[in-house]
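The primary structure of each chain is shown beneath.
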Amino acid sequence: MNAKGTVFKYGDNVDTDVIIPARYLNSSDPAELATHCMEDIDKEFINKVNKGDIMVANKNFGCGSSREHAPIAIKAAGISCVIAETFARIFYRNSINIGLPIIECPEAAKAIESGDEVEIDFDSGVIKDITKGTSYQGQAFPPFMQKIIKAEGLVNYINNK
Amino acid sequence: MGMTMTQKILAVHAGLDTVTAGQLIEADLDLVLGNDITSPVAIHEMDKMTVKTVFDKDKVALVMDHFIPNKDIKSAEHCKCVREFACKHDITNYFDVGQMGIEHALLPEQGLTVAGDVIIGADSHTCTYGALGAFSTGVGSTDMAAGMATGKAWFKVPSAIKFNIIGKPSKWVSGKDVILHIIGMIGVDGALYKSMEFVGEGLSNLSMDDRFTIANMAIEAGGKNGIFPVDDKAIAYMEEHSKRPYKVYEADADAEYEEEYTIDLSTLEPTIAFPHLPENTKTISEIKEDIVIDQAVIGSCTNGRIDDLRCAAEILKGQKVKKNVRCIVIPATQSIYLQAMEEGLLKIFIEAGAVVSTPTCGPCLGGYMGILAEGERCISTTNRNFVGRMGHVDSEVYLASPAIAAASAITGKISAPAELGL
Ligand code: SF4
């Protein structure tokens, strides 16, 4: 499994309130949530993002409220993978559970910049910055977790078993 | 390389000989917990699954505690949804009004959590059961649904911070002061992803109720879990409350810890967390100004146990709650309520001018039973003092032990029992 796309880069402590503001939580429709994704810190994100693009951030990504709407909005916006130095714990779980691949890799998270072309191999955990010609070793997903992501989330994964 | 206590429990439940920090594993669960707020969402997720039954009707616990007895129509609908699910699946451990208590006080008391277990709960304070030497942690609703359906959950194996506890605390210092001191020291993300492993000879000076309070607030330091060694006190507790076999795990001598701290209980003072983060701590002697209060809450999954009520009663006995202060006492479970009645504690509270409520989370999360108005201030034995947690966004919550909350209810300002000559 691979992901390849253009990078949108953010800083430390991106919380679930900016990923999807509480005022939109009266909807649980992924497509509708996606239209407001990141709008409080990056109004252009939703206009510029293409299917397969990659989000990169620094420390403690997804902190704050445990709303599952946050990874749902990112995934529905077309993002194929989020790379960060660290993720808040419940965001990490929720992402995998709804089938959004996320990888912790401090070196990659620090070095990669907005607009870089990046390719990720989920089997090996290797992250390639094609623009810069660099590569980083992130943690590979174990087989069962790859299956969850391939199934687009934990509920489907369990249904397929 | 050796394993921590948490890592050993996880390895066994994943069917592996060893695990290392950062490794992703799938582990068998001994218990899956949900409450009246989180269970309806998980039940809805489970409806989407082809698996239509729970993995084990004895290993799911559904506790109606946040907004019950139903505070409004919406909460009544939530409880109804869970009640119907519990009936349909013949869930053994469904706790409704009359049997319930606040989940994290109730489950150990019912003997549903024992040493060596792996437990998930769709509630962040699920980490409480670490006091008994179990691995337990909070998760989201999809995790709870999957856990109920399959009896498994995936985890990233945590690294650990070791807290070496030594010494003996003075009279009015309790578990709450220990954990507030620690959170003040390492911060609200000081233990992000990590286990907080408590060890040391000083633990023998902490009661089980002290340990439940400490493990309960591991999440307030960002921790994945908090865990205690299984000593005579823990074994006595489990033998009194549970019929389930427990299993004792110990950290390897060469286990790796990212950080180590020594806490000397004899040097601790009553500690208070100021608004609006649990890390904003001051010791009682560092508070120079008068902090006048409108309300005192003694209860919650952190401090609504019998030791807590006894401590508050010792201070409130023969005293009167200050005029214009509301003092709300909430025993955490039905059996704590009953015991407090038999010991005469309820009489002491009522004669002092406090109210005693049926078990509920109530004011802790700003649900009901003691919501704050704009500008009001509460001293509370609960665990979170975020903006608006107990009511209006411009109200304030100060976190403290039952001793401080009770003394403050009498004086009308944040006070130590010493101010009352105790
Ligand atoms: S008492 Fe408070 S912290 Fe504990 S479970 Fe209830 S709402 Fe959560």
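Residues numbered from 1 in each chain as written. Chains lettered and ligands numbered in written order. Predicted model: local features only at pLDDT ≥ 70, side-chain atom pairs only at ≥ 80, totals over all residues. Heavy atoms only, no water.

Caption draft 1: Region of the structure containing the overall build of chain A. When helices and strands are tallied, chain A shows eight helices and seven strands. Over its C-alpha atoms chain A spans a radius of gyration of 14 Å, differing by no more than 12% from the 15 Å that the globule rule assigns to 161 residues. Overall, chain A is about 45 × 40 × 25 Å in size when its C-alpha atoms are taken along their principal axes. Sequence separation of 24 or more characterises 65% of the internal contacts of chain A that already satisfy a separation of 6 or more. Roughly 6600 Å² of accessible area belongs to chain A as shown, and the carbon and sulfur atoms make up 49% of that amount. (Helix = DSSP H or I, 4+ residues; strand = E, 2+ residues; numbered from the N terminus. Rg over C-alpha atoms; globule rule 2.2 N^0.38 Å. Contact = heavy atoms within 4.5 Å. Areas by Shrake-Rupley, 256 points an atom, 1.4 Å probe, with all protein chains shown as cover.)

Caption draft 2: A look at the sheet that holds strand β4 (residues 93-95) of chain B. All names here are of chain B. Reading across the sheet, the five strands line up as β4-β3-β2-β5-β6 and stay open at both edges, with parallel pairing between neighbours. Of all the strands in the sheet, just β4 and β6 (135-138) have a single pairing partner and so form its edges. Here the average twist between neighbouring strands, direction ignored, is 15°. (Pairing = 2+ DSSP bridges. Axes fitted to C-alpha atoms, helices over the stretch in contact; angles between N-to-C directions.)

Caption draft 3: Geometry of the site of the ligand. Residue and element names in this part refer to chain B. Around the ligand there are 13 residues in total, and His125, Cys301, Cys361, Cys364 and Asn383 lie nearest to it. Contributions of two or more residues to the shell around the ligand are made by α4 (103-109) and α9 (300-303). Its residues assigned to classes, the shell around the ligand comprises five nonpolar, five polar and three charged. Counting only domains with at least three residues in the shell around the ligand, you end up with domain 1 (5-264) and domain 2 (273-420). (Near = heavy atom within 4 Å. Nonpolar A, V, L, I, M, F, W, Y, C, P; charged D, E, K, R; others polar. Domains from an automatic or database assignment.)

Caption draft 4: Spatial organisation of unusual backbone geometry. Here the residue pair Ile68(B) and Pro69(B) is connected by a cis peptide bond, since its omega of -10° sits within 30 degrees of zero. Counting through the fold element by element, Pro69(B) comes out in the loop between β3 (60-63) and α3 (73-88). Here the residue pair Pro275(B) and His276(B) is connected by a cis peptide bond, since its omega of -5° sits within 30 degrees of zero. For His276(B), the location among the structural elements is in the loop between β12 (271-273) and β13 (281-283). For Asn60(A), which is not glycine, the phi torsion reads 60° and is therefore positive.

Caption draft 5: The arrangement of the environment of Pro69(B) in detail. Since its relative accessible area comes to 37%, Pro69(B) is described here as partly exposed. The contacts of Pro69(B), once residues within four sequence positions are left out, are Val97(B), Thr358(B) and Tyr368(B). (Buried < 20%, exposed > 50% of the residue type's maximum accessible area, 1.4 Å probe, protein only.)

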